[in-house]
Amino acid sequence: MTRELWNGNEALAEAAIRAGAEAFFGYPITPQTELLEYMARRMPELGRTFLQAESEIGAINMVYGAACAGMRAMSSSSSPGISLMQEGLSYIAGTEVPCVLVDIMRGGPGLGNIQPSQSDYFQITRSAGHGDFHPIVLAPSTIQEAVNLMYVSFDLAFQYRHIVIVAGDGTLGQMMEPVELPPFQPLPAERPSWAIGDPAPHAPRILTSLYLAAEKLEETNLRLQKKLATIQAAETRYEAYEAEDADVLLVAFGTVGRIAKSAVRMARASGLKVGLFRPISLWPFPSQALRAVAKRSRAVLVVEMNAGQMLDDVRLAVGERAPVRFFGRMGGVVPLPDEIVYEAQHLTRVTRSHSSRVLARSRPPG
Amino acid sequence: MLPNPTATQGTNGFHHNPVDGMEVVFQRPEALRNVPTHYCPGCTHGTIHRLVAEVIDELGIRTRTIGVAPVGCAVFAYQYFNLDGCEAAHGRAPAMATGLKRVLPGHVIFTYQGDGDLASIGGNEILHAAARGEAITVVFVNNGVFGMTGGQMAPTTLLGQFTSSSPSGRRAELHGFPMHIAEMLAPLPGVAYAARCSMHAPAEIRRTKKALHLAFAAQLRGLGLSIVEILSTCPTNWRLSPNDALTYIRESVLPVYPTGDFKIAEGLRELV
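Note that this is a predicted model, so its numbers are computed, not measured.

A. Layout of the overall build of chain A. From N to C terminus, chain A includes twelve helices and 16 strands. Taking 21 Å as the expected radius of gyration for a compact globule of 366 residues, we find that chain A reaches 21 Å, a close match to that expectation. When its C-alpha atoms are laid out on the principal axes, chain A stretches across 70 × 50 × 40 Å. Considering chain A as a whole, with its 366 residues, one finds that 52% of them fall into the buried category. Pairs at least 24 apart in sequence give 79% of the contacts found in chain A among residues at least 6 apart.

Here it is in structure tokens:
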């Protein structure tokens, strides 16, 4: 039970290695570059594959190649780099080979800045590339949770022949916390039966996402949709914190989920019954669980570091059961617990207000 | 021809049927499937596929070779070769091949790319695979247009050439100059072999096969990246008959794109 102090990006890298990562292809981009640098040092030490690619486009296509060979391949990037990877991710999803990707989100759109943000939510959950698919998206709120989720990512990816994205933000990537690291998983002894380059003798195998005949591509898509339904039924993850008797239910993920816990404690200390529903899997979104918890609340307040993206999924899940409001900060600004508490207090004074959003600090100064 | 009880079946679905007392001197390569291709009449993709397959057979590497198909007319190349294959995104084959080669260093990895795929959208991927000296083999089929999408201008289109996206002809002041990939990559230290060949005459086809042999040998000897640029016909998009298309290469393309070996690594010289 040894706990050591680790930087978030580096802990993610070490957890991936212990989970059996065999190949890492990446590119520098703030605020995740430490992950790349850690891999550059550690992978060769263990005789595994590391390469800094010429761009994120190169990196994701190298991952695609290694994934076709049935290897545990991964990359990491941040928002502008994830945009570049979308093409590759679509091909990986259409070919149905597994891979793991870390997205340490930063302020956007465009070059934005290097501060924390959650504005990739739509990008990574809706499909992370053209076509009908959703990667599995896991959103840790502490470094320990990031380590734990990374540790099962490759198993999930290979179980479903799917993409798993571990989504953090600049805060998670840059901060340091004590963590307990899991033991080393042995590298796989055999390659999957669909892998090309399998050293065991086999009839030639082809991996492609091209199905020119419309009926064949429809068949493929029906199969993908069935797979997604299986994932939805089996892989939702969430945490409910002080939610059983909450009048105001906060819904937040990642770093904001962690800040929201402080807000819950602060609010309860002042006599307001606030609880938190924290999705850990952003896709599949824990709609059913949220619906059940929200039913007991008088109002739902979604808090994100964006203009309201998970908000849509919350509205879909909650429906008419409770009014849904939103408080968000953008541009890399991180909301503080007292701002959230203020909005929660304000919420109880407003009777019915769907679709209202607060996008900047509204608490009066002083 | 009566069925011969000693006839053997190759793994490519081709029935080898030697008659008693006679030796088989020419047959479909093991590495090429016995299926019809979709290529146009007069297109030289089919012949290039055959040359690649013959070299793979002669080197005895079929069961440890992987082909990375492009986006282009050869998008179905993996259906024609009798070995493991995968489909890359447009231009990204050298990156996909890099991923494969780095995790399967004992395998032979080749990409098969057209000029739109390699020189246009794929410019960065091929440049960096060459700069890194990835031990992969690049079969670069240059027909001066984007074939599959209907003959648009490509980086390799000749000045004055009419295409569907340069309907007044390519002009240097608007569209720049044709790109010479083999010459551009040759000076890079990571490139072990860079050559340009052509398909417009039997002697040239034999030279192309020789170049492909050297290219795969460079990979087997771990010398670096090998690339064979092959001048190829596109009768459909050039609006020429198959024969006129061959003449077009000899009279118009060759003066701009000379054939030759632009780089031969020391470790290959004894094979030349």
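Text resumes after the structure shown.
B. Just the pairing of strand S2 (residues 23-26) of chain A, in detail. Residues and elements named next belong to chain A. A two-sided burial pattern is seen for S2, the buried positions comprising Ala23 and Phe25 on one face and Phe24 and Gly26 on the other. In this structure, S2 lies alongside strand S3 (residues 49-52), joined through four bridges in parallel fashion. Note that in S3 the partner of Gly26 across the bridge is Gln52. Here S2 pairs with strand S4 (residues 73-77) via two bridges, running parallel. Paired with Phe24 across the two strands is Met74, which belongs to S4.

C. Geometry of the interface of chain A and chain B. Contacts between chain A and chain B engage 33 residues on the former and 26 residues on the latter. At nine residues, helix H3 (residues 56-68) of chain A tops the list of elements feeding residues into the side of chain A that touches chain B. For the side of chain A that touches chain B, the class distribution of residues is 20 nonpolar, nine polar and four charged. In terms of strand pairing, strand S9 (residues 206-207) of chain A meets strand S4 (residues 84-87) of chain B through two bridges, oriented parallel. Bridge pairing in S4(B) places A:Ile206 opposite B:Gly85.

D. The confidence of the model for chain B, seen in detail. Residues and elements named next belong to chain B. Confidence along chain B averages 94 in pLDDT terms, with 94% of residues attaining 70 or more. Of the regions scoring below 50 in pLDDT, residues 1-6 engages in five contacts with residues more than four places distant in sequence or in other chains. Complex prediction metrics read pTM 0.95 and ipTM 0.94.

E. Quick peek at the sheet that holds S9(A). One open sheet accounts for eight strands, arranged S9(A)-S4(B)-S3(B)-S5(B)-S6(B)-S10(B)-S9(B)-S11(B); its pairing is mixed. Looking along the sheet, the strands with just one partner apiece sit at the ends: S9 of chain A together with strand S11 (260-264) of chain B. Examined bridge by bridge, strand S9 (residues 191-198) of chain B and S11(B) share four bridges and lie antiparallel to one another. Within the sheet, the bridge partner assigned to B:Ala195 lies in S11(B) and is B:Asp261. Helix H1 (residues 45-59) of chain B contacts strand S3 (65-69), strand S6 (137-142) and strand S10 (225-231) of chain B of the sheet and is inclined by roughly 160 degrees relative to S6(B).

F. Region of the structure containing helix H1 (residues 8-18) of chain A. Residues and elements named next belong to chain A. With respect to burial, H1 is a largely interior element, nine of its eleven residues being buried. Buried within H1 we find Gly8, Asn9, Ala11, Leu12, Ala13, Glu14, Ala15, Ala16 and Ile17. One or two residues past the end of H1 sits Gly20, with phi positive at roughly 100 degrees.

G. Looking closely at the environment of A:Gln86. Residues and elements named next belong to chain A. Of note, Gln86 is situated in helix H4 (residues 79-95). Along the primary structure Gln86 and Ile57 are separated by 29 residues, whereas in three dimensions their C-alpha atoms are 8.7 Å apart. Not counting chain neighbours up to four residues away, the residues in contact with Gln86 comprise Ala128 and Gly129.

H. Region of the structure containing the nonpolar core. Residues and elements named next belong to chain A. Counting 202 residues, the largest nonpolar core has Val63, Cys99 and Leu250 as its most contacted members. The biggest single contributor to this core is H3, with nine residues. When near neighbours in sequence (up to four residues on either side) are disregarded, Leu250 contacts Ala260, Ala263, Val264, Val274, Gly275, Leu276, Leu301, Val303, Ile340 and Ala344.

I. Up close: the packing of H3(A) against helix H3 (residues 93-103) of chain B. Two numbers describe how H3(A) lies on H3(B): the axes approach to 7 Å, and their chain directions differ by 50 degrees. The angle between H3(A) and H3(B) places the two elements in the oblique class. The hand of the H3(A)/H3(B) crossing is right-handed. Here H3(A) contributes A:Gly58, A:Asn61, A:Met62, A:Val63, A:Tyr64, A:Gly65, A:Ala66 and A:Cys68 to the contact with H3(B), which in turn contributes B:Ala95, B:Met96, B:Ala97, B:Thr98, B:Gly99, B:Leu100, B:Arg102 and B:Val103. The residue inventory of the contact of H3(A) with H3(B), partitioned by class, reads ten nonpolar, five polar and one charged.

J. The arrangement of the packing of H3(A) against H4(A) in detail. Residues and elements named next belong to chain A. Where H3 meets H4, the closest approach of the two axes is 8 Å, and the angle between their N-to-C directions is 25 degrees. On the basis of the axis angle, H3 is roughly parallel to H4. Both H3 and H4 take part in a crossing whose hand is right-handed. Mapping the contact onto sequence places Glu56, Ile57, Ile60, Asn61, Tyr64 and Ala67 in H3 and Gly81, Leu84, Met85, Gly88, Leu89, Tyr91 and Ile92 in H4. Class assignment for the residues of the contact of H3 with H4 results in nine nonpolar, three polar and one charged.

K. Structural context of the domain arrangement of chain A. Residues and elements named next belong to chain A. Domain annotation of chain A identifies domain 1 (4-234) and domain 2 (239-358). One C-alpha centre belongs to domain 1, the other to domain 2, and the line joining them spans 29 Å. Contact with domain 1, which involves 26 residues of that partner, is made by 21 residues of domain 2. Residue assignment for the side of domain 1 that touches domain 2 shows that the elements contributing at least two residues are helix H5 (121-126), strand S6 (136-138), strand S7 (163-169), helix H7 (170-174) and helix H8 (214-234). Per-class residue counts for the side of domain 1 that touches domain 2 are twelve nonpolar, 13 polar and one charged.

Calculation criteria
Residues numbered from 1 in each chain as written. Chains lettered and ligands numbered in written order. Predicted model: local features only at pLDDT ≥ 70, side-chain atom pairs only at ≥ 80, totals over all residues. Helix = DSSP H or I, 4+ residues; strand = E, 2+ residues; numbered from the N terminus. Rg over C-alpha atoms; globule rule 2.2 N^0.38 Å. Buried ≥ 20, exposed ≤ 12 C-beta atoms within 10 Å, placed from the backbone. Contact = placed C-beta atoms within 7 Å. Pairing = 2+ DSSP bridges. Nonpolar A, V, L, I, M, F, W, Y, C, P; charged D, E, K, R; others polar. pLDDT = per-residue confidence, 0-100. Axes fitted to C-alpha atoms, helices over the stretch in contact; angles between N-to-C directions. Core = buried A, V, L, I, M, F, W, Y, C linked by C-beta atoms within 7 Å. Parallel < 35°, antiparallel > 145°, perpendicular 65-115°, else oblique. Left-handed = near helix turned anticlockwise from the far one by under 90°. Domains from an automatic or database assignment.

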